[in-house]
Amino acid sequence: MKRLLASLTVVLTATAAPALAQDSLLEDAQSYFEAIPTVVPAPKDNAIIHDKVHLGKMLYFDPRLSSSHLLSCNTRHNVDLSGANGLSTSVGHGWQKEPRNAPTVLNALFKVAQFWDGHAEDLKTQAKGPIQAGVEMNSKPERVVKVLKSMPTYVDAFAAAFPGEEDPVTFDNVAKAIEAFETTPITPSARFDQYLEGNANVLTDHEKKGLQIFMDKGCVACHNGVNIGGNDYYPFGVVEQLGANILPRNDKGRFAVTDTATDQYVFRAPPLRNLVLTAPYFHSGNVWNLKQAMSLMGTAQAKN
Ligand code: HEC
């Protein structure tokens, strides 16, 4: 009997959820955010097939794409470290220190543009950048292709991933395969996703209060959508400019891409999913404490 009662409670709570969808907090949240889809949308001009994802995975973890044979995509966006690397700014070719913090690869496909200043429109364009950048993997497309063609396993894997292509081992296809792999590290069905799908009871009261504040304070103006950010660019310091330790004055953000005066210190509002796991914060990577990051945002971006 006890058991029956317990399962009845479960069923009743489960069926009660749609009624609670009237809850205005939930409705507001649904108007700003979207749940992460469980079926990933195909990236533009890049059909996802199993062999391509498999090849992309081999490439993502392969340091032979770098000229030193020491650095892979995974060095910077380590899937065991929540898709980031736990460093303020990464260490690149010849132990050079890179200028910005490495964003996580988790859910990266839902971002409108890649990099802190959005200078790559999608993941396949993004993938070509670090492989060639002198401060990162310091390689050249011809070198990458030559190295890959020297390994029969890769030649076979490219043929399987790009069936019907006469010469499939190309730099473009390297990027496409990496993009295909990067559609897999996604984090659907978090409690927040379940909430957005109508299960109003899945968040605690404390969490709901936080959500309410996040919406009331205007954080949602910039951090919204599937990734709670990653959709557009905003000046860092709308209300108040932060110190040079957080906002180094020599990095003018999107200005370097558009050469437009109003784009000085404009950066992509980062996605806030899995934030607890991806310290340190901001493009400078100088803030390690999430509470401090939130409070700095409250000062810099939101009116009190
Ligand atoms: C006007 C747009 C805007 C508003 C409003 C805004 N943010 Fe941001 N947020 C940004 C931008 C741009 C950045 C990236 C700053 C940088 O370049 O490092 C950012 C970064 C962050 C980060 C660091 C994330 C990371 O991965 O490094 C957190 C946390 C954050 N915001 C939370 C908030 C909270 C909480 C609020 C509300 C109090 C808020 N933001 C309001 C635009 C905004």
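The structure this text deals with has already been given above.
Everything numeric in this text was worked out from a predicted model, so none of it was measured. (Residues numbered from 1 in each chain as written. Predicted model: local features only at pLDDT ≥ 70, side-chain atom pairs only at ≥ 80, totals over all residues. Heavy atoms only, no water.)

Comments concerning the environment of Pro248
Then, number 1: You can see Pro248 is positioned in the loop between strand S1 (233-235) and helix H11 (255-258).
Then, number 2: Exposure remark for Pro248: the relative accessible area of 21% places this residue in the partly exposed category.
Then, number 3: Considering only alpha carbons, one finds Pro248 and Pro99, 149 residues apart in sequence, at a separation of 9.9 Å. (Helix = DSSP H or I, 4+ residues; strand = E, 2+ residues; numbered from the N terminus. Buried < 20%, exposed > 50% of the residue type's maximum accessible area, 1.4 Å probe, protein only.)

Notes on the packing of helix H3 (residues 50-60) against helix H8 (residues 171-181)
Then, number 1: As a packed pair, H3 and H8 sit with axes 7 Å apart at the nearest point and diverge in direction by 100 degrees. Between H3 and H8, the angle falls in the class roughly perpendicular. Residues Lys52, Val53, Leu55, Gly56, Lys57, Leu59 and Tyr60 of H3 form the contact with H8, whose participating residues are Val174, Lys176, Ala177, Ile178, Ala180 and Phe181.
Then, number 2: Of the residues assigned to the contact of H3 with H8, the class counts are 9 nonpolar, 1 polar and 3 charged. (Axes fitted to C-alpha atoms, helices over the stretch in contact; angles between N-to-C directions. Parallel < 35°, antiparallel > 145°, perpendicular 65-115°, else oblique. Contact = heavy atoms within 4.5 Å. Nonpolar A, V, L, I, M, F, W, Y, C, P; charged D, E, K, R; others polar.)

A look at the nonpolar core
Then, number 1: With 29 residues, the main nonpolar core has Leu55, Leu59, Leu148, Phe158, Val174 and Ile178 as its most contacted residues.
Then, number 2: The set of elements that each furnish at least two residues to this core consists of H3, helix H5 (123-132), helix H6 (141-149), helix H7 (152-161) and H8.
Then, number 3: Here this core takes 7 residues from H8, the largest share from any one element.
Then, number 4: Among all residues touching Phe158, those that are not within four sequence positions of it are Leu55, Leu59, Leu148, Pro168, Val169, Thr170, Asn173 and Val174.
Then, number 5: One finds Ala200, Leu272, Phe282 and Leu296 within the second-largest nonpolar core, a separate group that totals 28 residues. (Core = buried A, V, L, I, M, F, W, Y, C linked by side-chain atoms within 4.5 Å.)

Re the packing of aromatic side chains
Then, number 1: Counted according to the given criterion, the structure contains 8 aromatic pairs.
Then, number 2: A centroid spacing of 5.5 Å and a plane angle of 65 degrees characterise the contact between Tyr60 and Phe61, whose relative ring orientation is edge-to-face. (Phe/Tyr/Trp six-rings, centres within 6.5 Å; stacked < 30°, edge-to-face > 60°.)

Here we look at unusual backbone geometry
Then, number 1: Residues Ala279 and Pro280 are joined by a peptide bond in cis, for which omega reads 0 degrees.
Then, number 2: The topology assignment puts Pro280 in the loop between strand S2 (266-268) and helix H12 (290-301).
Then, number 3: Unlike most non-glycine residues, Ser189 shows phi in positive territory, near 65 degrees.
Then, number 4: If you trace the backbone, Ser189 turns up in the loop between H8 and helix H9 (191-196).
Then, number 5: The phi torsion at Asn274 lies on the positive side, around 55 degrees, for a residue other than glycine.
Then, number 6: Looking at where Asn274 falls in the secondary structure, it is placed in the loop between S2 and H12.
Then, number 7: We classify Asn274 as partly exposed; its relative accessible area is 25%.

A word on a nonpolar patch on the surface
Then, number 1: Residues Leu70, Leu87, Val91 and Trp95 make up a contiguous nonpolar surface patch of roughly 450 Å² in combined accessible area.
Then, number 2: Looking at the element boundaries, Leu70 is found in the loop between H3 and helix H4 (73-76). (Patch = residues over 30% accessible without salt bridge, like charges linked within 9 Å, V, L, I, M, F, W, Y side chains within 5 Å. Areas by Shrake-Rupley, 256 points an atom, 1.4 Å probe, with all protein chains shown as cover. Salt bridge = Lys/Arg side-chain N within 4 Å of Asp/Glu carboxyl O.)

Focus: H12
Then, number 1: The end-to-end C-alpha separation of H12 is 16 Å, in line with the 16 Å expected for 12 residues at 1.5 Å each.
Then, number 2: Within the span of H12, buried status applies to Ala293, Leu296 and Ala300. Viewed end-on, H12 has its buried residues packed into an arc of 65 degrees, placing them on one side of the element.
Then, number 3: Near the N-terminus of H12, the side chain that reaches the backbone nitrogen of Lys291, with its oxygen 2.9 Å away, is that of Asn289. (Expected span 1.5 Å × (residues − 1). Arc of directions from axis to C-beta. Polar contact = N/O pair within 3.5 Å; in protein donor to acceptor, adjacent residues only side chain to side chain.)

With respect to the environment of Tyr154
Then, number 1: With respect to the helices, strands and loops of the structure, Tyr154 is situated in helix H7.
Then, number 2: Along the backbone, Tyr154 and Leu55 are 99 residues apart, and their C-alpha atoms lie at a distance of 7.9 Å.
Then, number 3: Not counting residues within four places of it along the chain, the set of residues in contact with Tyr154 comprises Leu55, Met58, Leu59, Asp62, Arg64 and Leu148.

A word on the site of the ligand
Then, number 1: Near the ligand there are 23 residues, and of these Cys219, Cys222, His223, His283 and Met297 occur at the shortest range.
Then, number 2: Within the contact set of the ligand, a nitrogen atom lies 2.9 Å away from a side-chain nitrogen or oxygen of His223.
Then, number 3: Breaking the shell around the ligand down by element, the ones donating at least two residues are S2 and H12.
Then, number 4: Here the residues of the shell around the ligand are counted per class, giving 17 nonpolar, 5 polar and 1 charged. (Near = heavy atom within 4 Å.)

Things to note about the pattern of salt bridges
Close approach of charged atoms allows side chains of opposite charge to pair.
Then, number 1: Scanning the entire structure with this criterion turns up 4 salt bridges.
Then, number 2: The shortest N-O distance in the salt bridge between Asp62 and Arg64 comes to 3.0 Å.
Then, number 3: Overall, Arg64 belongs to the partly exposed group, its relative accessible area being 36%.
Then, number 4: A salt bridge links Asp167 to Lys149; the shortest N-O distance between them is 3.2 Å. Of the two residues, Asp167 is situated in the loop between H7 and H8 and Lys149 in helix H6; the sequence distance between them amounts to 18 residues.
Then, number 5: Among the residues examined, Asp167 registers a relative accessible area of 44% and is labelled partly exposed.
Then, number 6: When its relative accessible area of 41% is taken as the criterion, Lys149 is described as partly exposed.

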